[in-house]
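Residue-level listing of the chains:
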Amino acid sequence: MELSKEIRGNKHMEGKKKLKSNIRRQKFKRNLPLHFMLIPGVVLVFVYNYLPMAGIIMAFQDFRVTRGIFRSEWVGLEQFRYLFSLPNTSQVIYNTVFIAGMKIILGLAVPIIFALLINEIRSRGYLRFIQTIVYLPHFLSWVILGGIFVTILSPSTGIVNQILNWMGFESRYFLGDNTLFPWTLIITDTWKTFGYSSIIYMAALASVDTTLYESIAIDGGGKIRQLIHITLPGIAPIIFVMAILSLGNILNAGFDQVFNLYSPRVYASGDIIDTLVYRLGLEQAQYSLSTAVGLFKSLISFVLISISYYLAENYGDYQIF
Amino acid sequence: MKTKNRILSLLIMAVFLTGIIGMVGCTPVEETGTPADTPTTTDDETTVEADPFGVYDPPITLTAAINEDPIRVAPEEMSLSDNPWQEKFNEYGITVEYPVRGSNQEDLETKINLAIATGDLPDVFTVTPAQFQELLEADMLEDLTDVYDNYLSDEAAIWVEQVDPELDTNVIVDGRRYGLIYPIQYDDFVPVVSIRQDWLDELELDAPETVEDVWEIARAFKDNNMDGTCDIGIGLTMNLFDMLTPSLGLLNCYGAYYDIWMEDGGELINSTIQPGMKNALAKLRSYFEEGLIDPEFGSKDAARMMEDAIAGRSGVVISHFIAPFEIAPGKNLGQEWTYHTLVPEDGSVTKAQNTATFTGALVVRKGAQNPEAAIKLINLFARYTNAEPSINDDGKINFCQPFVFGEMNQNPKIHKYYMQYLETGEHPPETEGFSVYWNTIEQVEMYSVDGNLEGYPMWAIFGPEGTERVVAYHLENDGYILSEYTGAPTDGMSRYNANLRSMAEQMATYIITGDRPVDYFDDFVEEWKRSGGDTITEEVNEWYRDQ
């Protein structure tokens, strides 16, 4: 990044072209050991991330293990056509985008607010205590949490509904009601992840220059003004990065969670692409269909990441690369 | 996956009880077993003649695939290369090695897929219908016609020929045999109603005669809030059409069947979309409205349903013949349970739906050195399964076999013999005395004679009041219904079935819970036909015309 800035700085100085290439050569020489150190990583990424991409052609084949990639029959877009010919595909895509979208929004907002709040705590012991408590759910798998949530959300015996009853509300069937189910997914997921995701914002908050707070205090700015003018601009780059990265997950609504909590009764509102494909693939090893779905999801994510990166660069004046 | 595992674990339970069926294995310890003294009785020429029990000299090595899942019932010191079966094989000059191992059935399928892809197949292995088709098309299967005709012993033939000849046509292509179908046992798979006898006594109610009585008992238990804990009539599970679930048992009882093919005017029709299904669902809906069906079944699996029963929340459980194992914790808490048949209102017999379709086959790799060795192994199993190698000294069943071909449906037989013994005081004659019988009876009597609760589940299965009594009732009264379609899954099935299943489960749940009116069923039927159902029906009938 530094190099490119330097080059940009010299952009209009035609006469210094030669100097520029000299600098580049010198820099390359100086960084040669670093380039060598990169090689193992690049090779690993190439072998394990790029080479397997050739497998994408399976999405356009009727892949059979006995025939392998090279001899399986070509079917063009048949797998995609099949996926979109299913009567409930549009509903499933809507469910996926809705659940994943809400998870992304809450997954950004809640950790930021939490980090801002916890940043004001002065007692170190108390801070540690709170942090440990909120990190904990992150380390539990959905298989375990699924069982716990089925129990505590039960309309008859679950503690949540008992509290609701005590406050004068009716019992709700959170896991069996098509209007409540997506929100149950979203809120339980946010509960599970917000503590752990707040770590990165706390790190960003710690790096905000404290002298700025002193000067705004001298200028008479209160807590709210500090927040708007110092804290938020200070951690904005991190928020942008996190937002861009999470947009790639717009079609990942969380297979583990949904699979452990859903049932035929809430297929209408809770069935997501991954669970649908899981059920379709269950009958037989349908590698091609899974690949096609994977490709479809990757394409959408790629487009979204590109757009958000473009927006961030142009309007947020922020670059990752 | 949940379903698959559940059925699998039930199957393994069945294996544990009878010692037969399935492909099973034991502890994988890597060591080359020292070949036992091979009786060298034959000279070189005799192996050329087809001798079903011919000894290989020099000994041969046969590679095989194995499912290591039943490891839990294998004794610790046993390994795949050192166990009574391997010793028996060695006597006949065969050393079996297991280069392909799966940690469970699903994993084994994946491993075999992998072996297919790399071309590194073992000599003998088991395949799914899809794998069979692919291997056949790729010409990777050995033609077994000749070795089957020449080497199969008379004893083994009795076992192998248990398979429905119609099913056998799946592995016979142009008159040549490319595999051996696994016999499928389903006799045990009938609905069994477990009822809290202590509550029944407390309310001075009689044991149920028909399904109507079962509902009445559930109503009485719930209305009287038995033990202060009973608040559920009858529990269901979230996947209504899974095998051996209460919902499927009840539907069968009301004459509705899920996804089997029935003959109607020369055509095959699918049972899911028949009016009988609509009526049966409407029936369940009315009980749901009354509050007799657990309103939370939508988020419960079978394990949770059983927990409710053990916790005293329900006193009527509709499940299967293994129920006593699941109920045992309740027995330890002092609950008394009895087991009953699910009889339709008109007093006829519930036809329990079962699948006896082409689910798997034993095949030999094309180019295997000794294809006849696979048949010889079956001969050995037929001769020795009821003898030493199948049961170890400590009474555990030895599963270290590359595949298990055996006598089907031993549980009903054990029950029958035991009933005879209780009546006449005579055990079955020694010739029929299969070792599993003694093993089972020992555990049954652990409870009935010594009062040891550890033997309760076996007693409650095989004893006079046991669940096998219900199985016997179904056997005597033809209480089973099978699909008329016995072919391999068609293209349309592998394509559309999963989705059709989800649609059907959703529809059934909506109708039972009252989310949609009963007439929603008609919309479903149209949707079912449009979403591939018609295609499958066509394929199935095409197959049917060829039969």
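Rules behind the numbers
- Residues numbered from 1 in each chain as written.
- Chains lettered and ligands numbered in written order.
- Predicted model: local features only at pLDDT ≥ 70, side-chain atom pairs only at ≥ 80, totals over all residues.
- Heavy atoms only, no water.
- pLDDT = per-residue confidence, 0-100.
- Contact = heavy atoms within 4.5 Å.
- Helix = DSSP H or I, 4+ residues; strand = E, 2+ residues; numbered from the N terminus.
- Buried < 20%, exposed > 50% of the residue type's maximum accessible area, 1.4 Å probe, protein only.
- Polar contact = N/O pair within 3.5 Å; in protein donor to acceptor, adjacent residues only side chain to side chain.
- Salt bridge = Lys/Arg side-chain N within 4 Å of Asp/Glu carboxyl O.
- Expected span 1.5 Å × (residues − 1).
- Axes fitted to C-alpha atoms, helices over the stretch in contact; angles between N-to-C directions.
- Parallel < 35°, antiparallel > 145°, perpendicular 65-115°, else oblique.
- Nonpolar A, V, L, I, M, F, W, Y, C, P; charged D, E, K, R; others polar.
- Phe/Tyr/Trp six-rings, centres within 6.5 Å; stacked < 30°, edge-to-face > 60°.
- Lys NZ or Arg CZ within 6 Å of the ring centre and 35° of its normal.

Draft legend 1. Summary view of the confidence of the model for chain B. Residues and elements named next belong to chain B. Mean pLDDT over chain B: 84, with 86% of residues reaching 70 or higher. Between residues 11-47, whose pLDDT stays under 50, and residues either more than four places distant or in other chains, the model counts 98 contacts. Reported confidences for the modelled complex are a pTM of 0.81 and an ipTM of 0.79.

Draft legend 2. Structural detail: the environment of Arg279 of chain A. Note on placement: Arg279 of chain A falls in helix 15 (residues 273-283). Assessed through its relative accessible area of 11%, Arg279 of chain A is described here as buried. Arg279 of chain A has contacts with Tyr262, Tyr267 and Asp271 of chain A together with Ala498 and Ser502 of chain B, leaving out every residue within four places of it along the chain. Only 3.2 Å separates the side chain of Arg279 of chain A from the side chain of Tyr262 of chain A, close enough to count as a polar contact.

Draft legend 3. Representation of the pattern of salt bridges within the structure. Enumeration over the complete set of coordinates arrives at 31 salt bridges over all chains. Put simply, Glu78 of chain A and Arg495 of chain B hold a salt bridge, and the shortest N to O gap is 3.3 Å. You can see Glu78 of chain A sitting in helix 5 (residues 78-85) and its partner Arg495 of chain B sitting in helix 19 (residues 491-513), one on each of two chains. Note on Arg495 of chain B: relative accessible area 21%, which makes it partly exposed. Across the pair Glu216 of chain B and Arg219 of chain B runs a salt bridge whose closest N-O atoms are separated by 3.1 Å. With a gap of three residues between them, Glu216 of chain B and Arg219 of chain B both fall in helix 9 (residues 211-223), about one helical turn apart. It is possible to trace a salt-bridge network through shared partners that takes in Asp231, Asp294, Lys300, Asp308 and Arg313 of chain B.

Draft legend 4. Examining helix 9 of chain B more closely. Residues and elements named next belong to chain B. In this model, helix 9 (13 residues) spans 18 Å end to end at C-alpha, consistent with the 18 Å of a helix rising 1.5 Å per residue. Listing the buried residues of helix 9 in full gives Val211, Val214, Trp215, Ile217, Ala218, Ala220 and Phe221. Tucked into the core, helix 9 has its buried residues touching strand 7 (192-196), helix 8 (197-202), helix 10 (246-253), helix 11 (275-290) and strand 10 (316-319). A positive backbone phi angle near 45° is found at Asn225, which sits one or two residues after helix 9.

Draft legend 5. Layout of the packing of helix 7 (residues 124-135) of chain A against helix 10 (residues 181-206) of chain A. Residues and elements named next belong to chain A. Helix 10 packs onto helix 7 with a crossing angle of 130° between their chain directions and a minimal axis gap of 7 Å. On the basis of the axis angle, helix 7 is oblique to helix 10. Two secondary-structure elements touch here, helix 7 through Gln131, Val134 and Tyr135 and helix 10 through Phe194, Gly195, Tyr196, Ser198, Ile199 and Met202. For the contact of helix 7 with helix 10, the per-class residue count stands at six nonpolar, three polar and no charged.

Draft legend 6. Examining the packing of aromatic side chains more closely. By the definition in use, this model includes 36 aromatic pairs over all chains. Ring geometry for Phe189 of chain B against Phe321 of chain B: centres 6.5 Å apart, planes inclined by 40°, an arrangement best described as tilted. Note that Phe189 of chain B is positioned in the loop between strand 6 (180-181) and strand 7 and Phe321 of chain B in the loop between strand 10 and helix 13 (323-332), a separation of 132 residues in sequence. In this pair, the class of Phe189 of chain B matches that of Phe321 of chain B, namely buried. A centroid spacing of 6.2 Å and a plane angle of 90° characterise the contact between Tyr417 of chain B and Tyr437 of chain B, whose relative ring orientation is edge-to-face. Residue Tyr417 of chain B is found in helix 15 (residues 410-424), and its partner Tyr437 of chain B is found in helix 16 (residues 435-448); the two are separated by 20 residues along the sequence. Classification of Tyr417 of chain B by relative accessible area gives buried; the value is 7%. What links up through ring pairs into an aromatic cluster is the set Phe255, Phe259, Tyr262, Tyr267 and Tyr278 of chain A. Sitting above the plane of the Tyr148 of chain B ring, Arg177 of chain B keeps its charged end 4.0 Å from the centroid.

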